[in-house]
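Architecture and fold: a report
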Amino acid sequence: MSSVSIATWQGLLANQQQQLTRSAQTPSVKDAVDYFTTKAPTITSIDQLMSDPKLLKTVLTTYGLESEAQYPARLRALLTQDPSNPQSLVNRLVDPRFSQIVKDLSFFNGPPAGFKDQAYIAKFTQTYETNVFEENLGAQDPALREAAYFIRNIGNVTSPFQILGDNVLRDVVQTALQLPSGFAGLDVDQQAAILTSRLNLKSLQNTIAQNADLFQSATDDQAQITDATNLSSSASTVVSNLSSSLTTLKSAYDALALRRDPSGANAAKIADQNNYVPQLTQVRGLLDAAKTRTSDLTSSIDALRQLVQSASGLSAADLATTKTQFDNTVARLKNNLDNATYLDPATGTPSNLLENAGFSLTITTSPGHSYSFQGTDLTSIKTALDSAQAQFDALNQGDVPAGTLASDLDGARASSVSNTDFLNQQQRTYNTLLENVDPTIGPAQQALVYRAASSAQDSLSRANQIAAKLTQLGAALDTGTGTLDANGLPINHNSLDESVQQLKADIQSLIKTSGGGTDNLLTGNGDYGSESGIALSIHGLDLVSQISDKLTNVNALSASNSLSGSVVVEQLQQSLDTLTKSLSNQANYVQQAATSAGFAVTVDTNQLAQGSQSVADSVSRATQIGSLLGQLQSLAQGAVTNGGDATLASQVSDLQNKISGLINTSGTDADNLLVGGGSQAYNFIGGTQLYVRKGDLNTSVAGAIAGIDLSTASGAKAAYDLITGTVLPSLADARTTITSDGETIDNARLTFDGRTAIDNQLILTTQGISEQVANATVTVKNTSQPIDNSAGTIDSETGELIKPTPDTTIQKNLLTSTSDTLLFLKSTPGTFDISGHGEFDTQVTRPLVAAVNNLFKTAGPPTAVLGAAINSLTDISIDLSGDMNTLKFNTANVTDLLAQKAKAETDAAVTPYQGTAATKQLLMQYLALVGDSTNAGTLSVADLINGTASTTNILNLLL
């Protein structure tokens, strides 16, 4: 080589950064880079890449494969075959450049993700600029290009086989060491041994290669530390959230006790409320009964009018059936009007708003605030219905109903409509009273309660909109998994991806943009204090990390991308559903707390809860009884058609036994409201009680069907008529009464008992603990001892020993584990342990479950249990933080090592031609020898094998 080329090389080493920058700024390089960054993201198929010579040249140059442009078939095979298949072309080629381009740019699973990845594009650009620079060096002297390639890559070599597998590295070393041309003909192991004996690889390695084992240990250690951090973080999140929830609930119970203190700030209000709240509950009960019993009054009268209009054209048989229908409807409506009653909480006597125009009740909530409630008299409707029924029953086939019949029904309908207006007016008066109750909390807290409720509703609304957008996004991605669109045309993935990206943007906007005057509970928590009484705290959903971040890489640029994106969206839909339920529960709590905020009376919580539970149990059993009666009715109808059926006796008996069992067997801890008749009283406030009228289904249902016989047509007909006309109506009437009375109890609990909202939230919180704990489970690397590979099973066909494969990952959860998680680190001395906290179950979960199960059986709220659970959670939180702080403090060396590695990688990218002193010396010898045929390959292969050859170092002569 000439002294000019050596001088050029020395100049490059001294000013490499400036020369690289100057090369990158040349128009041709900038044009190629700009073209790639603009064009690459639009590439969706191998055909597009192969048909664009300019883009393809840039790609091949970047990977040092410029010559492959003349072998398009081979290149297409490389980039489209399954890289995991051992028979694929890439796995049959030795040159590492082929494996690298396939790794980065394979089209086997769709367009390469790198074409849209900014990090990849930045690395691609730097590599292209470096390769073009080296190409230009080669134009001056091919040896300069090889020297530049050598110094850039030799530092990463840790084995002589890597040199032998790279043509450039091999040529440089063979020339510099003056190895003969026959060297390549030796066995590869012999070649490696010779290189090892004549070349000190350590002296050529860069920082990363020299410390490869240490850096790998640090990387492995960091993986363990990351696993431990994720374990601890997941557990800490559950502990923190649960502790916050329990603290809020305990504060709410404590605040409620202060509000209810008869000698406290609300003493005068409590005295007033003790007087008028039972009266207000009576009004609510009367309204509930009246509205329930007349809910279908108008529509039923309209149905009667339809029957009248159709009567003249009916046959005698159909007219008889219609008369029965008419009579049953009239009987039901009259029964409803008579039974629209509610029992006075103070006296237990019934009242009926609909049949007592003289009823009047004035409630005074505070000086100057009085509200009057009135009754009405709908007996005129019953009179009109009786008259219409008599006229209708007197009709013969072909008769045209008299005009008075229609007039009677028209009058009844008009009265029904007026009744609806009357009840609505009474309800408005009731609502106005509640809205104007002198509050037991201060104005500041009222404002916070309102803000909490508004924020929760706004966030719920946006969460529902996000769910709808996710559905649209999933549908779009599902479309992209195919090859044809709805019109049978090839799918335009670029156009489809534009829609996908817009939906993602819409979702992100919904997550981050809250309504005016509200807090964004989709991105953070809401804490609304506990001033003067109500403790409120709402855990936000953090949809940025839970939804938005996980959508980042979702696109429809290919069928495979669409498929993977569709899977992500499906998972996010499930996650959002769970998160929304959590927020909905909290929103309900806020609303319930706000509803009861005006009242400070002490309600018998346990008794009213018993009432609610008993009503729910009895209504549920009544519904099941109705279903069984329907089956019995169907059997009777079938027996009528068949002229009787004696074979049905066992089925009838079975249904009778099931019905009797349901009537007489109540749920656990529930009163049986289906037997005995009369009423069940539940203590309310002071000496007042709220009542639930009981059914007597043993008489009206079980007794009535006891003698059913379907063996004859007449018996079956009698049974059918009995069930249809008597038993089912009796059951419905009992269920309606129990339901209506139960609604009044439920309303009283929510409106007047401030504890109900807190109790309900405690129940939901406790029920959600198991799911929260499950969320603390983390997949971590399995660092346990490998299994015995000498063990295994014998394949019955081949006779080979099949060795078990150890799991590379395992599931861990610090909140369920009774053992510690040990970290054995290699790059820094020491063994560290992250404590398991199996006591979470015994000290938190189980006590809370027991408290909820006994919530309405013990005196007062479970504040002591909550306090103990909070203390246990605090201890667990401290332990978790302590373990992680200890680990973090003692593993700083791992962070330092990884920082050194990162710096070395950055330095290598910025100044790729640094090299060690030994590398530079070797290259000077190479450059001196590469053009001197008199010194090249003077050693014999035999000398190399025998170890008698020596390498002449002419570097000193050159210098």
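Note that the coordinates shown come from a computational prediction; the quantities given were computed from them, not determined experimentally.

1. Points about the overall build of the protein chain
When its secondary structure is counted, the protein chain shows 36 helices and 14 strands. In terms of C-alpha radius of gyration, the protein chain reaches 43 Å, well past the compact-globule figure of 30 Å for 959 residues. Counting all 959 residues of the protein chain, 44% fall into the buried class. A separation threshold of at least 6 residues defines the contact pool for the protein chain, and within that pool the share at least 24 residues apart is 74%. Summing over all exposed atoms, the protein chain offers an accessible surface of approximately 44,100 Å²; the carbon and sulfur share of this is 50%. Looking at the protein chain, you have 56 positive and 89 negative side-chain charges, and the mean spots of the two groups are 4 Å apart.

2. Topic: the packing of aromatic side chains
Think of a pair of aromatic rings as described by two things: how far the centres are apart, and how the planes are tilted against each other in angle. Per the stated rule, a full pass over the model turns up eight aromatic pairs. Considering the side-chain rings of phenylalanine 599 and phenylalanine 752, the 4.9 Å spacing of their centres and the 90 degrees angle between planes classify their relative orientation as edge-to-face. Taken as a pair, phenylalanine 599 in the loop between α24 (559-595) and α25 (605-641) and phenylalanine 752 in helix α28 (residues 713-752) lie far apart in primary sequence, 153 residues in all. Look at phenylalanine 599 and you get buried, because its relative accessible area is 2%. According to the relative accessible area criterion, phenylalanine 752 is buried, its value standing at 1%. The structure contains a cluster of three or more aromatic residues connected by ring pairs, namely Phe36, Phe107, Phe115, Tyr120 and Phe124. Positioned above the aromatic ring of tyrosine 71, the side-chain terminus of arginine 74 is 5.1 Å from the ring centre. For the cation-ring pair, arginine 749 lies above phenylalanine 856, with the distance from its terminal atom to the ring centre recorded as 5.6 Å.

3. A look at the packing of helix α26 (residues 649-664) against helix α27 (residues 697-705)
Where α26 contacts α27, the axes come no closer than 10 Å and their chain directions differ by 170 degrees. In terms of axis orientation, α26 runs roughly antiparallel to α27. Contacts between α26 and α27 involve Gln656, Ile659, Ile663 and Asn664 on the former and, on the latter, Leu697, Asn698, Val701, Ala702 and Ile705. For the contact of α26 with α27, a count of residues per class yields six nonpolar, three polar and no charged.

4. Thoughts on the confidence of the model for the protein chain
Of all residues in the protein chain, 92% attain a pLDDT of 70 or more, and the chain-wide mean is 87. Low pLDDT (under 50) marks residues 785-789, which in the prediction has six contacts with non-local residues, meaning those over four places away or in another chain. Considering only residues more than four positions removed or in separate chains, one finds that residues 951-959, a stretch of pLDDT under 50, has 18 contacts.

5. Comments concerning the pattern of salt bridges
For the structure shown, the criterion picks out 29 salt bridges. The residue aspartate 617 makes a salt bridge to arginine 621 at a minimum N-O spacing of 3.0 Å. Taken together, the residues aspartate 617 and arginine 621, both in helix α25 and four residues apart, mark about one turn of the helix. Comparing aspartate 617 with arginine 621 shows no difference in burial state: the two are buried. Overlapping salt bridges bring together Asp302, Arg305, Asp410 and Arg413 as one network.

6. Description of the pairing of strand β4 (residues 369-374)
By the bridge criterion, six bridges tie strand β3 (residues 360-366) to β4 in an arrangement that is antiparallel. For threonine 364, the partnering residue across the bridge sits in β4 and is serine 370. Here β3 folds back onto β4 in antiparallel fashion, the turn holding two residues, of which glycine 368 has a positive phi close to 85 degrees.

7. A closer look at α25
In this model α25 runs 54 Å from its N-terminal to its C-terminal C-alpha over 37 residues, within 8% of the 54 Å that 1.5 Å per residue would give. Of the residues trailing α25, glycine 643 is marked for its positive phi of about 75 degrees.

8. Focus: the environment of threonine 777
Structurally, threonine 777 is set in the loop between α30 (769-775) and β9 (778-781). Expressed as a C-alpha distance, the spacing of threonine 777 and leucine 460, which sit 317 residues apart in the sequence, is 27 Å. Beyond its immediate sequence surroundings of up to four residues, threonine 777 is in contact with Gln811, Lys812 and Asn813. A distance of 3.0 Å separates a polar atom in the side chain of threonine 777 from a polar atom in the side chain of asparagine 813.

9. Concerning the nonpolar core
Grouped together as the largest cluster of nonpolar side chains are 86 residues, with contacts concentrated most on Ile625, Phe684, Val701, Leu710 and Phe752. Counting residues in hydrophobic clusters, the runner-up holds 45 residues, among them Leu231, Val780, Leu887 and Leu897.

10. Considerations on the side chain of threonine 294
With respect to the helices and strands, threonine 294 occurs in the loop between α16 (267-293) and α17 (297-310). Its relative accessible area of 10% is what places threonine 294 among the buried residues.

11. Describing the environment of alanine 463
Within the fold, alanine 463 resides in helix α21 (residues 443-480). For the pair alanine 463 and leucine 541, spaced 78 residues apart in the sequence, the C-alpha separation amounts to 9.7 Å. If sequence neighbours within four positions are ignored, alanine 463 has contacts with Leu522, Leu576 and Thr580.

12. Re the packing of α25 against α28
The relative placement of two packed helices is expressed as an angle between their axes plus a distance between the axes. At a minimum axis distance of 9 Å, the contact between α25 and α28 shows a crossing angle of 165 degrees. Compared by their axis directions, α25 and α28 come out roughly antiparallel. The chirality of how α25 crosses α28 is left-handed.

Cut-offs applied
- Residues numbered from 1 in each chain as written.
- Predicted model: local features only at pLDDT ≥ 70, side-chain atom pairs only at ≥ 80, totals over all residues.
- Heavy atoms only, no water.
- Helix = DSSP H or I, 4+ residues; strand = E, 2+ residues; numbered from the N terminus.
- Rg over C-alpha atoms; globule rule 2.2 N^0.38 Å.
- Buried < 20%, exposed > 50% of the residue type's maximum accessible area, 1.4 Å probe, protein only.
- Contact = heavy atoms within 4.5 Å.
- Areas by Shrake-Rupley, 256 points an atom, 1.4 Å probe, with all protein chains shown as cover.
- Lys, Arg positive; Asp, Glu negative; His and termini not counted.
- Charge placed at Lys NZ, Arg CZ, Asp CG, Glu CD.
- Phe/Tyr/Trp six-rings, centres within 6.5 Å; stacked < 30°, edge-to-face > 60°.
- Lys NZ or Arg CZ within 6 Å of the ring centre and 35° of its normal.
- Axes fitted to C-alpha atoms, helices over the stretch in contact; angles between N-to-C directions.
- Parallel < 35°, antiparallel > 145°, perpendicular 65-115°, else oblique.
- Nonpolar A, V, L, I, M, F, W, Y, C, P; charged D, E, K, R; others polar.
- pLDDT = per-residue confidence, 0-100.
- Salt bridge = Lys/Arg side-chain N within 4 Å of Asp/Glu carboxyl O.
- Pairing = 2+ DSSP bridges.
- Expected span 1.5 Å × (residues − 1).
- Polar contact = N/O pair within 3.5 Å; in protein donor to acceptor, adjacent residues only side chain to side chain.
- Core = buried A, V, L, I, M, F, W, Y, C linked by side-chain atoms within 4.5 Å.
- Left-handed = near helix turned anticlockwise from the far one by under 90°.

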